[in-house]
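Single-letter residue listing:
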Amino acid sequence: MKHTFATRLCLAVAALLLVGVFALALAACNEKGGNTEEVTVSLIIGDADAVSVTTDAPFLYDLLKEYCEENGLALEGSMSATGFYATRIGDLAEDAAAGEYIMFYHDIDDITLYIPDYNIERDGKTFFSSSAGVSSLPLRDGATYLVTLMSF
């Protein structure tokens, strides 16, 4: 079967369009659900009491950067294609050798943002294990975000 120049050109353009649409879809997913206005949330890091924070940050990672900077707390980790991987937030530090890792929980009752049946209780309140990474966990007005060490 012979392909003409026009057929090849059409296939090439179609392939480029598909790649472009796929790239835009990935970019949109990366920003999905980020906060776009000022919100007040509660933040609990480790065993500390909850603090109320007002911010216009879109995601939990952005809030943590602001909060740690303003309060002189360490925020350590690494950025990858999937987002930020936290290894230290203030005095809270993972110890991979001991099987301890920083985990993120919240009280947002949205199935798209948590892993069912991986809840924890703290002070009589249920927190959901975040299914979104810290870089893509959106801030919601009135929500509480819990950052803690878990052993595996």
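Residues numbered from 1 in each chain as written. Predicted model: local features only at pLDDT ≥ 70, side-chain atom pairs only at ≥ 80, totals over all residues. Heavy atoms only, no water.

**Student:** Lay out the overall build of the protein in plain terms, naming residues and giving numbers.
**Tutor:** In terms of regular secondary structure, the protein is built from two helices and nine strands. Across the protein, helices and strands are ordered from the amino to the carboxyl terminus as α-β-β-α-β-β-β-β-β-β-β. Counting across all 152 residues of the protein, residues that qualify as buried make up 33%. Of all intrachain contacts in the protein linking residues separated by at least 6 positions in sequence, the fraction that spans at least 24 positions is 50%. Summing over all exposed atoms, the protein offers an accessible surface of approximately 9500 Å²; the carbon and sulfur share of this is 57%. (Helix = DSSP H or I, 4+ residues; strand = E, 2+ residues; numbered from the N terminus. Buried < 20%, exposed > 50% of the residue type's maximum accessible area, 1.4 Å probe, protein only. Contact = heavy atoms within 4.5 Å. Areas by Shrake-Rupley, 256 points an atom, 1.4 Å probe, with all protein chains shown as cover.)

**Student:** Can you tell me about the pattern of salt bridges, naming the residues and giving the values?
**Tutor:** A full pass over the atoms with the stated rule returns three salt bridges. Note that Arg88 is salt-bridged to Glu76, the shortest N-O span being 3.6 Å. With Arg88 in strand β4 (residues 83–89) and Glu76 in strand β3 (residues 75–80), the pair connects residues that are twelve residues apart, well separated along the chain. Owing to a relative accessible area of 39%, Glu76 belongs among the partly exposed residues under this scheme. A salt bridge links Asp107 to Lys125; the shortest N-O distance between them is 2.8 Å. Here Asp107, found in the loop between β6 (100–106) and β7 (120–122), pairs with Lys125, found in strand β8 (residues 125–129); they are 18 residues apart in sequence, far enough to count as distant. (Salt bridge = Lys/Arg side-chain N within 4 Å of Asp/Glu carboxyl O.)

**Student:** Report on the environment of Ile120, specifying residues and quantitative values.
**Tutor:** Note that Ile120 resides in strand β7. For Ile120, a relative accessible area of 19% puts it in the buried group. Spatially, the C-alpha atom of Ile120 lies 8.2 Å from that of Tyr105, the residues being 15 residues apart in sequence. Every residue in contact with Ile120, bar those within four places of it in the chain, is listed here: Tyr105, Lys125, Thr126, Phe127, Leu146, Thr148 and Met150.

**Student:** Run through the pairing of β6, naming residues and quoting values.
**Tutor:** Both β6 and strand β9 (residues 144–151) contribute to a ladder of seven bridges, which runs antiparallel. Its bridge partner lying in β9, Met103 is registered against Thr148. Note that β6 and β8 share two bridges and pair antiparallel. Each residue of the ladder has a partner; that of Tyr105, found in β8, is Ser129. (Pairing = 2+ DSSP bridges.)

**Student:** Could you give an account of the pairing of β9, naming the residues involved and the relevant values?
**Tutor:** Here strand β1 (residues 39–45) pairs with β9 via four bridges, running parallel. Across the sheet, residue Ile44 finds its bridge partner in β9, namely Leu146.

**Student:** Lay out the sheet that holds β1 with the relevant residues and their values.
**Tutor:** Note on sheets: strands pair through backbone hydrogen bonds, and any given pair is parallel or antiparallel. In spatial order, the strands read β2-β1-β9-β6-β8-β7; together these six strands make up an open sheet with mixed pairing. Looking at the sheet topology across the chains shown, the edges are occupied by β2 (51–55) and β7. Neighbour to neighbour, the strand axes of the sheet diverge by 40 degrees on average, direction disregarded. (Axes fitted to C-alpha atoms, helices over the stretch in contact; angles between N-to-C directions.)

None of this, on its own, says anything about what the molecule does.
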